[in-house]
Structures are given as structure tokens and as C-alpha cells.
Amino acid sequence: FMCFMVPITASLVSPFQCSGHPNGKWTVRVYPSVVCWIGGADSMHYQLCVISALACTLPFGFLTVAAMAVRKLPKKMKEGDTGFLRTFAFLFFRFRLECHWFVLAFLVRNLAVAFIPVLPEVSAQTVLMMMVLLVSVVTTAYNSPWRLPVANHLDVFASMSVIVLLHFAALFTEGVDPDLLAGVACALLVAIMAVFMALVPHAMWQRFAPRGKPFQFFLCHHKAGAGNLARLLKMYLQQDSAVTRRVFVDSDDLRDLSELFSFVQGQVEKLVILCSRDILSRVWCIGEMSTAHLNSVSMQLVILPDFGYPSDDFITEYQRYVPDVVMLAEHGIGVPIVQEFLRSFKMQPKVRMPSDPSRQIMVALVGQLLVKNAVGADEVELSATAPLRTIQTSTIAQKVIVADQGNMEALCTAHVIKMGLMRLLPEALHVLMKGERLPKATKHMVLVCTNGIFQDHFIASTLVDAQVADVAVVPVVSEAAFRFPSPESIQELRKNGIKTVDDGGPEIDSDAMADIVVAIFTEIAVEVNPQDSEEIIAVRLQALSKILGAKEVKVLSSRVPTGRSPRVSQAASTEVMVDNKESEGGALGGGDTVAAVTGHTDFDDFDDFDDTIQPI
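Below you will find a few notes about this structure.

## Thoughts on the overall build of the chain
Then step 1. Helix and strand content of the chain: 24 helices and 13 strands.
Then step 2. The 616 residues of the chain split such that 44% are buried.
Then step 3. For the chain, long-range pairs separated by at least 24 residues make up 77% of all intrachain contacts whose partners lie at least 6 apart in sequence.
Then step 4. If you sum the accessible surface of the chain, you get close to 30,900 Å²; carbon and sulfur atoms cover 60% of it.

Below is the structure:
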């Protein structure tokens, strides 16, 4: 229907398209034997008009349904309603997500093109058709709504071609009423003057009226080093009642890269720089910082564990270290400006963040960022010395999230998943940290898959616990470069085993571990990349919540070959059975016995769980 809307609608309204004759009568253009507007209810023309009017409910009904879908789409995206998205995908798949509304402009334009020929005056038809197409050209050129750039160019070219043809066709029209043309020209002139008179005061108000900047924070970050942390920090900032305006993250708010520095220059109150290892070598990041420095925008440094301050040689020879810096010259940022900023870099207010992005750390970080007019070159150390509240979780955490403890970005992904699932699932959620064991009540484990994760002894030990305790493991891919285990890598794992045993834990059988890895990926992995837009993340988390909320799940042990002990030490195998099978008051004393054998605590120091009831 979308493809043939114009010809279908034009056929439906054909009874209303009448042509005049010298004798003063009018007949239907496609049915010359039918006289228009003569006769009563029994006339042929009257009957055709009634049928046509009833049939026109089809295109207008379709337009109404499309309008409802456009109105509901943002809400459904946030809810992750995949059924709605699949149902109305035919409306939106041609257009960019942020221009989903253009489907209405597209349909209204097509309906107008079909209905305009109903007008009796050729001059009126020509003028209205050109106006409709001109509005369409301006809208398309300004918004570029089509997903493919070439589609935007073709749309503009086609509409402009029709406008030119209409101009030439107007020269050959006969019987045009000069008084009508004069009236239309005067009306257009008055409209143009009225718009001009209205826009001038509006432009003056926009330029000189005092107003707050739309973005309270701008998160400057290197995607490879702190992209996931930027997403997590934005979620915590949005939770705080003191953050009353928007938080800028490029994946959510940047449509055109050429507009990046204009955002920093005039629309941002504070630039938050997430200082990862390579951020000062990234051209666009250093351009954002230099723009903020030139325009006296408040800055706050968040020093990450792998960051090193720039040396004098790095500043002096910056162009040699970062040759691409010359790209900033077209934006008015030269190498001397960058060097001037780098010399003042250490004087900016800064906080040092540990590698653990726990709730206490993130809340403390938000508190530091909300301090206005922060000054001083000394670093503020963030710590979790004052936890919000500690709750015994050994019987609460039915779903845990596990990530590589040596990968800060993976841990940030785990916390993003936790915060996103809190409003979708009723059960308690917990991000498992190093030194902790699976809670007794755990039924599902979300495994955040990043490169090298299966070489970590903590991850391997936790997976073995999950197998013994009949826990379902759901793999989640959080980085585009993740390499799924190949037959060669599985063979290497069987041969070399787990490389690091740094926590004093029991040794793990390499063949059993390889079987566990193979079993995990017999299930389809869910992709949750915090560096995607908010809408895409919401859809992915909705899909993950449906998997975790399913009544029937396949536990890990059901997919692993039997007959092989996963742990080399028998005592280690016994400890898991004690932890999971006799923790409900058995003869061995539950978790206390496990602590005596392994040295692990019985989860008394788990991360607080009061945040599970806070909406994001």
C-alpha cells in the first residue's frame, strides 16, 4: 500500500475530478458520459461520489494507524516491545530512527498529490502542487530522513524535477483567471512578510535572551577506553535529582560530526573528561577539550587507573605524536591551541576513580561532578569506605552478572545490564565481584563475554560452580570485536588450561573447562553494547529479560558431558556441593563450613541491594 498509495487514492477520488465544457456543464474526467453535480440522489454521479467517499476511508484509516504508530514508537522502544517493532517495521525501516516521524510527512505528501487534481482550477492545482513539493524538498534536505544518503538525494532531485516541469506546464494553461492569480500572489506576499516579521524578533530573542544551556554535562571519552563507563555514568547522573538537564553522550545526541564542537562551545555547562590511557591522542577528544578551554567551559577530569599525565616532550612534540591533529585546523583549532590546553591540563579539577565501578563509587563520582566551581589541582580519591547499606544476599540473588574482573569496561557493562534489568525483572540482581561465590539461590548467571575472559581463573571457577549448582548461564556479548571460541581455541584451552591461578583457588581440569565453554555457546548469545544508543540498549535488555524470565531454562550441567570432574581437587568439588546442597541447615552447617574450607566469606560483604528498587 505504501508503494501504490498515490495511484490507489487517485482512482478512489476520480468521481470528484470533473472537466468543464463550453455549454457550461461538467463531466467526470474519466467517465465523460457522467454529468457532474446535476440530478438528485438517484443520479449516477451522486452514487459514484458516495462510493468514493466511503472508499477514501481506506487511505485515511491507514494514515491514522501510521500516526498512532509514530506516536507510540519512542515509548515502545524504551520498553523494548519487539512485537510492536516487528509489526510496524514496514513503516520505519526506510528512515533513520531519529526521523521516524518523517513517515507521516511522506504519507501526507502522497495523499496531497492524489487529492490536488480534484480542484477544478488548473492554476490552483499547479500552485498547490508546487507548494506541497517545495515543503517536501525543504524537509528532506534539512533532516536527511532516509537511511541511505543516496535516497535523500534522489527524493530531493525527483521533487525538484517535478517542480520545474510544473513551471513549464503552467505556461501552456488556458483560461486562467487573472484575478485569481493576482489574489494568490498577494496572499503569498503577505504570508512571506508575516513570517519575516515574526522570525526577526524570535532570532533577536534567541541571540540575546539569558537562558540555561541545554546540556548540564558533556561526557568526553575515548570509546575503546571508557565508552561503557560513559554510559554507566550517564545512567547514574540521570538518576540524581540535582541533574535537571540533559547529559550529552555522542551515541545518543550527536547526529552530525561537524556539529560536535558547536555543542561544546555553546550548549554545555560542564565538560567531564573520562581520562583513559589514549584519550589525549584522540583527535576529536582533544578537539572537544580545546574548544571547552577556548570558551571557558567548566571542566572536570576523571582519572582512570591506566591514565598517565602528558609529559613536556609529548606537549612540545604533539604533532609528531598525533599527526592527525591537523584535521582540527578546519574547525579553527591549531596545534598551539592544543598545546596551550595541555599545559593547563594538570590544573583542572580532578577525581581519581578506582577500577571497581560499584554503586558506591559511582554515587561518589556523581557527587563530585555536581560540585559547582570546583578548583584545585589536587586529586580527589574516590572510595567505597561508606557503603549505602549491606544486606545478606546468599538467599536473595537469584540472578547474578559475571564479568572479567581485570577489565573495567566489562565491569561497567555488567552494571549497565544490572541497572537496565532492575525495572524489568522482579528478582534481586547482583554483579559478582572477585572473591565472592555464587549465592545459594542463584538460578541464572549472565556472563559478560569479552576477549580473554575464559583465561581468568575467577571466571573459570565461577562457571564450574554454576555447572555443579545447576545454574543456567546466558552469554552476553558486550564488544563488537569479541571472538567466539573456535575449534582451535578450544583445543588450545584443553592443552594449556587456565593460565592464571592468582586467588589461591583450586586447579581446574582443562578438558572440563573446555566442555563448559562449548556448552555455553550452544545457546544464542545476546548482544548488549553500552556504546549503542539508549533505544537500542533498551531493546536488547528487553530481549535479555525475556530469556531470564522464561519458565523453562536449560541449566549448564545439562549441556556439559558427564563423567569428568571439573576440579582437579576433590575437596574443591565437595565445597561446592556443601555450599549448594546443604546450605539450608544441613549437618555440615551450610555456608560456614564452606568458608572454613575455602576462605571465602558467606556473602556478608556483598554490594548493597537497596538500589534494585530504584528506577533508572
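## Brief notes about the pattern of salt bridges
Then step 1. In this structure the tally under the stated criterion is 17 salt bridges.
Then step 2. Notably, a salt bridge pairs K234 with D253, separated by 3.8 Å at the nearest N-O pair. Separated by 19 residues along the polypeptide, K234 in helix 10 (residues 223–239) and D253 in helix 11 (residues 250–253) bring together distant segments of the chain. One exposure class covers both K234 and D253, and it is buried.
Then step 3. For R246, the salt bridge goes to D253, with nearest N and O atoms at 3.0 Å.
Then step 4. Accessibility expressed as a relative area gives 46% for R246, which makes it partly exposed.
Then step 5. Among the ionic contacts, a cluster of salt bridges with common partners joins R231, K234, R246, D252, D253 and E534.

## Examining the sheet that holds strand 6 (residues 298–303)
Then step 1. Spatially, 6 strands are ordered 4-3-5-6-7-8 in an open sheet, and the strand pairing comes out parallel. Of all strands in the sheet, those bounded by a partner on one side alone are strand 4 (246–248) and strand 8 (379–381). On average, each strand axis in the sheet is inclined to that of its neighbour by 25°, with strand direction left out of account.
Then step 2. Looking at chain direction, strand 3 (residues 215–220) and strand 5 (residues 268–275) are connected through 5 bridges and run parallel. Its bridge partner lying in strand 5, F215 is registered against V268.
Then step 3. In the packing of helix 17 (residues 359–369) onto the sheet, the strands contacted are strand 3, strand 5, strand 6, strand 7 (350–352) and strand 8, and the crossing angle to strand 6 comes to about 155°.

## Quick notes on the pairing of strand 5
Then step 1. The buried count for strand 5 comes to 7 of 8 residues, which makes it a mostly enclosed element.
Then step 2. Note that strand 5 and strand 6 share 6 bridges and pair parallel. Counterpart to K270 in the pairing with strand 6 is S298.
Then step 3. Note on the crossover from strand 5 through helix 13 (residues 283–294) to strand 6: the handedness is right-handed.

## Description of unusual backbone geometry
Then step 1. For S296, which is not glycine, the phi dihedral falls at a positive 55°.
Then step 2. Structurally, S296 is set in the loop between helix 13 and strand 6.
Then step 3. A positive phi angle, near 60°, is found at D470, a position not held by glycine.
Then step 4. Locating D470 in the fold gives a position in the loop between helix 19 (457–468) and strand 12 (472–477).
Then step 5. On the accessibility criterion, D470 (38% relative accessible area) is partly exposed.

## A word on helix 3 (residues 57–79)
Then step 1. If you check helix 3, its first and last C-alpha atoms are 32 Å apart, about what 23 residues at 1.5 Å a residue would give, namely 33 Å.
Then step 2. Helix geometry: helix 3 is bent most strongly at L73, by close to 45°, with proline P74 lying one to four residues after it.
Then step 3. Restricting attention to buried positions, one finds in helix 3 the residues P59, F62, L63, A66, A69, V70, L73 and M77.
Then step 4. Elements that come into contact with the buried residues of helix 3 comprise helix 1 (5–12), helix 2 (44–55), helix 4 (82–87), helix 5 (89–92), helix 6 (102–115) and helix 22 (534–548).
Then step 5. Backbone geometry just after helix 3 places G80 at a positive phi near 70°.

## Here we look at the nonpolar core
Then step 1. Ranked by size, the top nonpolar core spans 37 residues in total, and within it F218, I273, L280, I286, M289 and L342 carry the most contacts.
Then step 2. Within the residue set of this core, elements represented by two or more residues are strand 3, helix 12 (260–266), strand 5, helix 13, strand 6, helix 14 (312–316) and helix 16 (335–343).
Then step 3. By size, the runner-up hydrophobic cluster in this structure holds 33 residues, among which are I459, L463, A469 and V560.

## Remarks on the state of the cysteines
By definition, a disulfide is the covalent link that joins the sulfur atoms of two cysteine residues.
Then step 1. One pass over the full model with this rule turns up 1 disulfide.
Then step 2. With a sulfur-sulfur separation of 2.2 Å, C18 is cross-linked through a disulfide to C36. Handedness of the C18-C36 disulfide follows from its S-S torsion of about -95°: it is left-handed. One end of the pair, C18, is in strand 1 (residues 18–20); the other, C36, is in the loop between strand 2 (26–28) and helix 2, with 18 residues separating them in the sequence. For the pair shown, C18 and C36 are each scored as buried.
Then step 3. For C49, which is in no disulfide, the shortest distance to another cysteine sulfur is to C18 and amounts to 7.0 Å.

## Quick word on the side chain of Q125
Then step 1. Looking at where Q125 falls in the secondary structure, it is placed in helix 7 (residues 122–143).
Then step 2. Not counting chain neighbours up to four residues away, the residues in contact with Q125 comprise R29, I116, P117, L119 and P120.

## Points about the sheet that holds strand 9 (residues 397–402)
Then step 1. Taken together, 5 strands build an open sheet; the order of strands is 10-9-11-12-13 and the sheet is parallel. The two strands at the open ends of the sheet, each matched to only one other strand, are strand 10 (428–431) and strand 13 (526–527).
Then step 2. Looking at chain direction, strand 9 and strand 11 (residues 444–449) are connected through 4 bridges and run parallel. What sits directly across from K399, in strand 11, is H444.

## Regarding helix 2
Then step 1. The terminal C-alpha atoms of helix 2, which comprises 12 residues, lie 17 Å apart, in line with the 16 Å expected from a rise of 1.5 Å per residue.
Then step 2. Listed in full, the buried residues belonging to helix 2 are H45, C49 and S52. Buried residues in helix 2, looked at end-on, bunch into an arc of 65°, giving them a common side. Among the exposed residues of helix 2, those oriented more than 90 degrees off its buried face are I51 and L54.
Then step 3. Looking at the buried side of helix 2, the elements it contacts are helix 1, strand 1 and strand 2.

## Here we look at the packing of aromatic side chains
Then step 1. In this structure the tally under the stated criterion is 24 aromatic pairs.
Then step 2. Their ring planes at 80° and their centres at 5.5 Å tell us that F307 and Y309 sit as a pair that is edge-to-face.
Then step 3. Here Y309 and F345 contribute two aromatic rings whose centre-to-centre distance is 6.3 Å and whose plane-to-plane angle is 70°, an arrangement assigned as edge-to-face. Of this pair, Y309 sits in the loop between strand 6 and helix 14 while F345 sits in the loop between helix 16 and strand 7; the two residues are 36 residues apart in sequence, bridging distant segments of the chain.
Then step 4. One aromatic cluster is present, built from ring pairs that chain together F95, W101, F102, F106 and W146.
Then step 5. Positioned over the ring face of Y321 is R320, at 4.6 Å from the centre of the ring.

About the thresholds
Residues numbered from 1 in each chain as written. Predicted model: local features only at pLDDT ≥ 70, side-chain atom pairs only at ≥ 80, totals over all residues. Heavy atoms only, no water. Helix = DSSP H or I, 4+ residues; strand = E, 2+ residues; numbered from the N terminus. Buried < 20%, exposed > 50% of the residue type's maximum accessible area, 1.4 Å probe, protein only. Contact = heavy atoms within 4.5 Å. Areas by Shrake-Rupley, 256 points an atom, 1.4 Å probe, with all protein chains shown as cover. Salt bridge = Lys/Arg side-chain N within 4 Å of Asp/Glu carboxyl O. Pairing = 2+ DSSP bridges. Axes fitted to C-alpha atoms, helices over the stretch in contact; angles between N-to-C directions. Right-handed = clockwise from strand over helix to strand, strands pointing away. Expected span 1.5 Å × (residues − 1). Bend = angle between axes of the 7 residues up to and from the residue. Core = buried A, V, L, I, M, F, W, Y, C linked by side-chain atoms within 4.5 Å. Disulfide = S-S within 2.5 Å. Arc of directions from axis to C-beta. Phe/Tyr/Trp six-rings, centres within 6.5 Å; stacked < 30°, edge-to-face > 60°. Lys NZ or Arg CZ within 6 Å of the ring centre and 35° of its normal.

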